[in-house]
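Listed below, chain by chain, are the residues.
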Amino acid sequence: MSNKHKISVMISEDKLQEKIAEIGAKISADYEGKEIKLICILKGSIFFCCELAKRITVPVKIDFMQTSSYGSGTTSSGNIVIKKELDESIEGEHVIVVEDIIDSGNTLFRLMPMLEERNPADICICTLLDKPDRREVDIDVKYNGFNIPDEFVVGYGLDYDQMYRNLPFIGVVHLDDEN
Ligand SMILES: O=P(O)(O)OC[C@H]1O[C@@H](n2cnc3c(O)ncnc32)[C@H](O)[C@@H]1O
Ligand SMILES: O=P(O)(O)OP(=O)(O)O
Ligand SMILES: [Mg+2]
């Protein structure tokens, strides 16, 4: 069965793999001699976080958190709801928050202070995609895969109304062509 929407490739699977390997190598070098904890922000970050973890050579723990801002639309509601808490404490840990995409920045703007209050040894942000033109608040991003233009993208974990997460590439969904 074909997709309901027309989707054009923005970032190919090969380019994603190459970039994730690069970020993994950078993280491995930056955290040499340390153990890190990746916090995977569900659901969108799952593919990126899994692939990234495989490319990191220092010891890695993974925990999951789920926030929601978009629901079924294509713009952030501004209301960040925590739908799933971490299973374990992050006190004293070297934490990397792994996001699929930073858009307005509101999710991380609210989430990061909450995590910092839990006294990690250090904490930073790693995102696969960034839409800098859409930013509404200042966010300090340590690792960023790709800056992309202001287009609604799907694939590699990212959804439109829960669809298209399974596409192996990042694509632009053409909602105007909906029938
Ligand atoms: O809080 P912000 O930074 O506005 O949003 C983060 C959150 O929103 C989802 N999202 C943002 N842009 C897109 C997009 O182009 N396609 C799919 N999903 C998007 C995503 O879950 C981000 O983690
Ligand atoms: O689009 P959101 O932010 O509601 O979350 P998810 O990463 O689950 O798509
Ligand atoms: Mg979503």
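Residues numbered from 1 in each chain as written. Chains lettered and ligands numbered in written order. Predicted model: local features only at pLDDT ≥ 70, side-chain atom pairs only at ≥ 80, totals over all residues. Heavy atoms only, no water.

The name an unreviewed UniProt entry assigns to the protein is Hypoxanthine phosphoribosyltransferase, from the organism [Lactobacillus] rogosae. As recorded by UniProt, the Cofactor (unreviewed entry) comment attached to the protein reads in full: "Mg(2+)". For the protein, the Sequence similarities (unreviewed entry) comment in UniProt is given as "Belongs to the purine/pyrimidine phosphoribosyltransferase family." (UniProt positions renumbered as here; feature names shortened; annotations may be inferred.)

Draft legend 1. Representation of the site of ligand 1 within the structure. Residues in contact with ligand 1 amount to 18 residues; listed here are only the nearest, Asp100, Ser104, Gly105, Thr107 and Val153. Note that an oxygen atom of ligand 1 is positioned 3.0 Å from one of the side-chain N or O atoms of Glu99. Within the side chain of Thr107, a nitrogen or oxygen atom sits 2.5 Å from an oxygen atom of ligand 1. Protein coverage of the free-state accessible area of ligand 1, which is 500 Å², stands at 92%. Of all the elements in the fold, those that place two or more residues in the shell around ligand 1 are strand S5 (94–102) and helix H3 (106–116). Looking at the shell around ligand 1, the element that brings in the most residues is S5, giving four residues. (Near = heavy atom within 4 Å. Polar contact = N/O pair within 3.5 Å; in protein donor to acceptor, adjacent residues only side chain to side chain. Areas by Shrake-Rupley, 256 points an atom, 1.4 Å probe, with all protein chains shown as cover. Helix = DSSP H or I, 4+ residues; strand = E, 2+ residues; numbered from the N terminus.)

Draft legend 2. Broad picture of the environment of Asp63. Topologically, Asp63 is positioned in strand S3 (residues 60–68). Put simply, Asp63 and Gly171 are 108 residues apart on the chain and 27 Å apart in space, counted from C-alpha to C-alpha. In contact with Asp63, not counting residues within four places along its chain, are Lys37, Leu38, Ile39, Cys40, Lys84, Leu86, Asp87 and Glu88. Here Glu88 takes part through its backbone nitrogen, which lies 2.9 Å from a polar atom of the side chain of Asp63. (Contact = heavy atoms within 4.5 Å.)

Draft legend 3. Structural view of the sheet that holds strand S1 (residues 6–11). If you walk across this open sheet you meet the three strands as S1-S9-S8, and the pairing is antiparallel. Bordering the open sheet on either side are S1 and strand S8 (153–154), each of which pairs with just one other strand. (Pairing = 2+ DSSP bridges.)

Draft legend 4. Seen up close, the packing of aromatic side chains. All chains considered together, the criterion is met by two aromatic pairs. Look at Phe152 and Tyr160: their rings are 6.1 Å apart centre to centre, the planes differ by 80 degrees, and that puts the pair in the edge-to-face class. Note on accessibility: Phe152 and Tyr160 belong to one class, buried. Over the ring of Phe146 we find Lys19; its NZ or CZ atom is 5.4 Å from the centre of that ring. (Phe/Tyr/Trp six-rings, centres within 6.5 Å; stacked < 30°, edge-to-face > 60°. Buried < 20%, exposed > 50% of the residue type's maximum accessible area, 1.4 Å probe, protein only. Lys NZ or Arg CZ within 6 Å of the ring centre and 35° of its normal.)

Draft legend 5. Layout of the pairing of strand S6 (residues 122–130). With respect to burial, S6 is a largely interior element, eight of its nine residues being buried. Two elements, S5 and S6, share eight bridges in a ladder whose sense is parallel. Its bridge partner lying in S6, Ile96 is registered against Cys124. Considered for its hand, the β-α-β crossover made up of S5, H3 and S6 is right-handed. Pairing geometry for S6 and strand S7 (residues 143–147), over four bridges, is parallel. When the sheet's bridge partners are listed, Asp130 is paired in S7 with Asn147. (Right-handed = clockwise from strand over helix to strand, strands pointing away.)

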